[in-house]
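# Residue-level structure breakdown
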Amino acid sequence: MQAKYCLQCGHLLEPRVIGDTTRPACPQCDFIYWGAFSIGVGALIRRAGKYLLIRRAQEPGKGMWTNPGGYCDPDETIGTAVEREVFEETGVVAKLNRVIALRDQHRQQHNLYVAFDMTYESGEPIADGVEVDGAGFFSFEQMAEMPVAAMTRWLIDVAEGANGRGLTEDDTEFPYPGSHQLFRI
Ligand SMILES: [Zn+2]
């Protein structure tokens with residue numbers, strides 16, 4: 001995907017060489033089109049040996065069971081996003097523990113998906129009825145009989161083998177404007 005008009009002022013963009021790359025840039029204001037990116041977040045939440053899964057009510061993957069998750073908004077951290085998405089989709093309150101996996105998918109829109117190991121806190125899973133039409137905690141025996149997405153099976157395998165490894169949140173402060181969130185080994 002290429003942007004044709006400035007997303008800030010609407011002026012026609014012109015090619016500009018920045019570093020070694022020609023990028024669409026606005027001659028009228030400071031806008032530069034760096035590309036289309038999105039950040040996905042996903043949650044692996046275990047309770048009594050069972051994982052929290054949701055059934056997708058919409059395409060892509062309608063009818064498939066996956067771990068809960070969604071997209072990060074521009075004005076929130078990934079940690080806020082994953083806790084919000086889990087609650088919106090299932091009504092379950094969970095707190096993030098560690099980053100346990102990343103998936104980088106480059107296509108027209110470049111997507112980075114960040115998977116978190118999370119700790120169950122409260123709430124019984126209830127599907128939101130919009131994005132999700134089923135939600136619950138399921139054992140490995142139950143999952144064997146269900147259409148569980150390949151990526152979710154992979155993430156559960158990662159979570160099972162993590163043994164406390166992964167990136168944990170770090171509260172070091174830096175003089176950045178706005179909010180930020182750090183994770184470290
Ligand atoms: Zn502009």
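Okay, so let's go over this structure. On a predicted model such as this, the values are computed, not experimentally measured, just so you know.

### A closer look at the packing of aromatic side chains
- According to the stated counting rule, one finds 4 aromatic pairs in the structure shown.
- On the basis of an interplanar angle of 80° and a centroid distance of 6.0 Å, the ring pair of Y51 and F140 is categorised as edge-to-face. With a gap of 89 residues between them, Y51 in strand β4 (residues 50–56) and F140 in helix α2 (residues 140–144) connect regions that are remote in the sequence.
- Here the basic side chain of R47 rests over the ring of Y120, its NZ or CZ set 4.8 Å away from the ring centre.
- In this arrangement the basic side chain of R103 is found over the ring face of Y113, its NZ or CZ atom lying 5.0 Å from the centre.

### Observations regarding the pairing of β4
- In this structure, strand β3 (residues 37–47) lies alongside β4, joined through 2 bridges in antiparallel fashion. Within β4, the position partnered with R46 by the bridge is Y51.
- The antiparallel pairing of β3 with β4 creates a hairpin that spans 2 residues between the two strands, and A48 there sits at a positive phi of about 50°.
- Sheet topology places β4 next to strand β9 (residues 132–138); 6 bridges connect them, and they run antiparallel.

### Quick look at a nonpolar patch on the surface
- Together, I39, L102 and L112 line one region of the surface with nonpolar side chains, adding up to about 240 Å² of accessible area.
- Here L102 shows up in strand β7 (residues 93–105).

### A few points about the side chain of T90
- With respect to the secondary-structure elements, T90 resides in helix α1 (residues 78–90).
- A distance of 2.7 Å separates the side chain of T90 from the backbone oxygen of V86, its partner in a polar contact.
- Among the polar contacts listed, one links the side chain of T90 to the backbone nitrogen of V92, at a separation of 3.1 Å.
- Among all residues touching T90, those that are not within four sequence positions of it are L52, I54, P68, E124, P125, I126 and A135.

### Digging into the nonpolar core
- Counting 17 residues, the largest nonpolar core has A43, I45, L52, V82, V86, F116 and M118 as its most contacted members.
- Secondary-structure elements contributing two or more residues to this core are β3, α1, β7 and β8 (110–122).

### Quick word on the pairing of β7
- Here β7 pairs with β8 via 11 bridges, running antiparallel. Note that in β8 the partner of K95 across the bridge is T119.
- The hairpin turn running from β7 into β8, its antiparallel successor, is 4 residues long.
- Across 2 bridges, the pairing between β7 and strand β10 (residues 167–170) is antiparallel. In the strand pairing of β10, R98 is matched with T168.

### Considerations on the side chain of E89
- Positionally, E89 belongs in helix α1.
- With no salt bridge to any partner, buried E89 finds its closest opposite charge in R56, at an N-O distance of 5.7 Å.
- Here G69 takes part through its backbone nitrogen, which lies 3.1 Å from a polar atom of the side chain of E89.
- Beyond its immediate chain neighbours, meaning those up to four positions away, E89 contacts I54, P68, G69, I126, A127, D128, E131 and V132.

### Side note on the coordination of the zinc ion
- For the zinc ion, the full set of protein donor atoms is C6 (SG), C9 (SG), C26 (SG) and C29 (SG), and the range of their distances to it is 2.3 to 2.4 Å.
- The coordination sphere of the zinc ion comprises 4 donor atoms, whose angles at the metal cover 100 to 123°; the geometry is tetrahedral.
- Along the chain, the residues that donate to the zinc ion are spaced as C-x2-C-x16-C-x2-C. Here C9 is found in the segment before β1 (14–18), whereas its partner C26 is found in the loop between β2 (21–25) and β3, with 17 residues between them in sequence.
- Exposure remark for C9: the relative accessible area of 42% places this residue in the partly exposed category.

Cut-off values and rules
- For every chain, the first residue of the written sequence is number 1, and numbering continues from 1 along that sequence.
- A pLDDT threshold of at least 70 governs which residues receive local features in this predicted model, and a stricter bar of 80 or more applies before side-chain atom pairs are shown or counted, although totals over entire chains, interfaces and linings include all residues.
- No hydrogens and no water enter the side-chain calculation; it runs on all heavy atoms of the structure.
- Two aromatic rings from Phe, Tyr or Trp, using only the six-membered ring of Trp, form a pair when their centres are within 6.5 Å; if the ring planes differ by under 30 degrees the pair is stacked, by over 60 it is edge-to-face, and anything between is tilted.
- Each helix is a run of DSSP H or I of at least 4 residues and each strand a run of E of at least 2, with the numbering of both proceeding from the N terminus.
- A ring is considered to have a charge above it if a Lys NZ or an Arg CZ atom is located within 6 Å of its centre and within 35 degrees of its normal.
- Two strands qualify as a pair provided DSSP detects at least 2 bridges between them.
- What makes a patch is a set of residues exposed beyond 30% relative accessible area and free of salt bridges, joined within 9 Å when like-charged and within 5 Å when nonpolar (Val, Leu, Ile, Met, Phe, Trp, Tyr).
- Note on areas: these come from Shrake-Rupley sampling with a 1.4 Å probe, and a residue is covered only by the protein chains present in the view.
- Any carboxyl oxygen of Asp or Glu within 4 Å of a side-chain nitrogen of Lys or Arg constitutes a salt bridge here.
- We define a polar contact as two N or O atoms separated by no more than 3.5 Å, with the added condition that, inside protein, one atom must be a possible hydrogen donor and the other a possible acceptor, whereas residues neighbouring each other in sequence contribute only through side-chain atom pairs.
- Here, residues are in contact when the closest pair of their heavy atoms is within 4.5 Å.
- What we call a nonpolar core is a set of buried Ala, Val, Leu, Ile, Met, Phe, Trp, Tyr and Cys residues that are connected through their side-chain atoms within 4.5 Å.
- Throughout, exposure labels follow a simple rule: accessible area from a 1.4 Å probe, protein chains only, divided by the maximum for the residue type, with under 20% read as buried, over 50% as exposed, and the rest as partly exposed.
- By the counting scheme adopted, Arg and Lys are positive, Glu and Asp are negative, and His together with the chain ends is not counted.
- Note that water is not among the atoms used; donors are N, O and S atoms within 2.8 Å of the metal (3.2 Å for Na, K and Ca), so sites may look incomplete.
- Geometry is assigned from donor-metal-donor angles: four donors are tetrahedral when every angle falls between 85 and 135 degrees, four are square planar and six octahedral when opposite donors sit over 155 degrees apart with all other angles between 65 and 115, and any other arrangement is irregular.

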